[in-house]
Amino acid sequence: MVTLKASLAASQIVLKQYEWVETTVVSLKGEEKSRKINRCYYGADGGVTKVPLSTPPPPQKKRGLRGRIVANKTEELTDYMQQAVALVKSYVPPNPTLIQAAKDAGKVSVDIIQPGKRARLNFRDYLKPGDNLAVELDLTNNRLLGLTVKTYLENAKDAVSLDARMASLNDGTSYADSITLNATKRKVAVVVDNSGYRKMAH
């Protein structure tokens, strides 16, 4: 547990020296609705600064009452998709403070996947009541292998699952290589790919 917190904190410090390309694809019922490509880096305030590398096409507008209904539905869906993307960011990467809070509250369980090699730590009520963050660890080098999250957007009926695959940079720093969010009820999927990591020129 201490090692996981230390590893997460160390990776987040090192990643602040890098820039990378983030591709976010949002699909509805299997059909791609939006694709955004951003160059990302950490700003002086510690937050991630995003510079668009692609411009989305202008929306096609329909006229009259049907146009308004479509516009309202599109706006509602866009809000939902933005919430889904924001939800991804609130779980990945895991926050060492929230991990400690779950541990202090006695809401951590451990599953051994391969004795001495791989284990899964489950953090219940990590961010919201009733959610679960599962972190898979390589015990031989304390490296993060992946994350799975069971959570929801506005209420527990609006269930969302999240799966993040981790990768390592040359210096051993772990980062979320690919993140997939599925909101089954709304048939919305969000896939975030991070690639092209390179140290920023100072």
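Before any of the text, the structure's been laid out above.
Residues numbered from 1 in each chain as written. Predicted model: local features only at pLDDT ≥ 70, side-chain atom pairs only at ≥ 80, totals over all residues. Heavy atoms only, no water.

## Some remarks on the sheet that holds strand 8 (residues 159-168)
An order of 3-2-1-10-9-8-7-6-5-4 is seen for the ten strands of this open sheet, with the pairing classed as antiparallel. The sheet is open, and its two borders are formed by strand 3 (48-52) and strand 4 (108-114), each paired with just one other strand. In this sheet, neighbouring strand axes are inclined to one another by 20° on average, regardless of whether the strands run parallel or antiparallel. The pairing of strand 1 (residues 18-28) with strand 10 (residues 188-199) spans ten bridges and is classified as antiparallel. When the bridges of strand 10 are listed, Ser27 appears paired with Ala189. (Pairing = 2+ DSSP bridges. Helix = DSSP H or I, 4+ residues; strand = E, 2+ residues; numbered from the N terminus. Axes fitted to C-alpha atoms, helices over the stretch in contact; angles between N-to-C directions.)

## Here we look at the pairing of strand 2 (residues 31-42)
In this structure, strand 1 lies alongside strand 2, joined through ten bridges in antiparallel fashion. What sits directly across from Thr24, in strand 2, is Lys36. Between strand 1 and strand 2, which pair antiparallel one after the other, the connecting turn spans two residues, and Lys29 there sits at a positive phi close to 50°. Across five bridges, the pairing between strand 2 and strand 3 is antiparallel. Residue pairing across strands places Asn38 opposite Pro52, the latter belonging to strand 3.

## Notes on the pattern of salt bridges
Evaluation of the coordinates by the stated rule reveals ten salt bridges. Between Glu136 and Arg118 there is a salt bridge, with the nearest N and O atoms lying 2.4 Å from each other. Here Glu136 is found in strand 6 (residues 132-138), whereas its partner Arg118 is found in strand 5 (residues 118-124), with 18 residues between them in sequence. On the basis of relative accessible area, Arg118 is assigned to the partly exposed category, the value being 28%. Overlapping salt bridges bring together Glu19, Arg39 and Arg198 as one network. (Salt bridge = Lys/Arg side-chain N within 4 Å of Asp/Glu carboxyl O. Buried < 20%, exposed > 50% of the residue type's maximum accessible area, 1.4 Å probe, protein only.)

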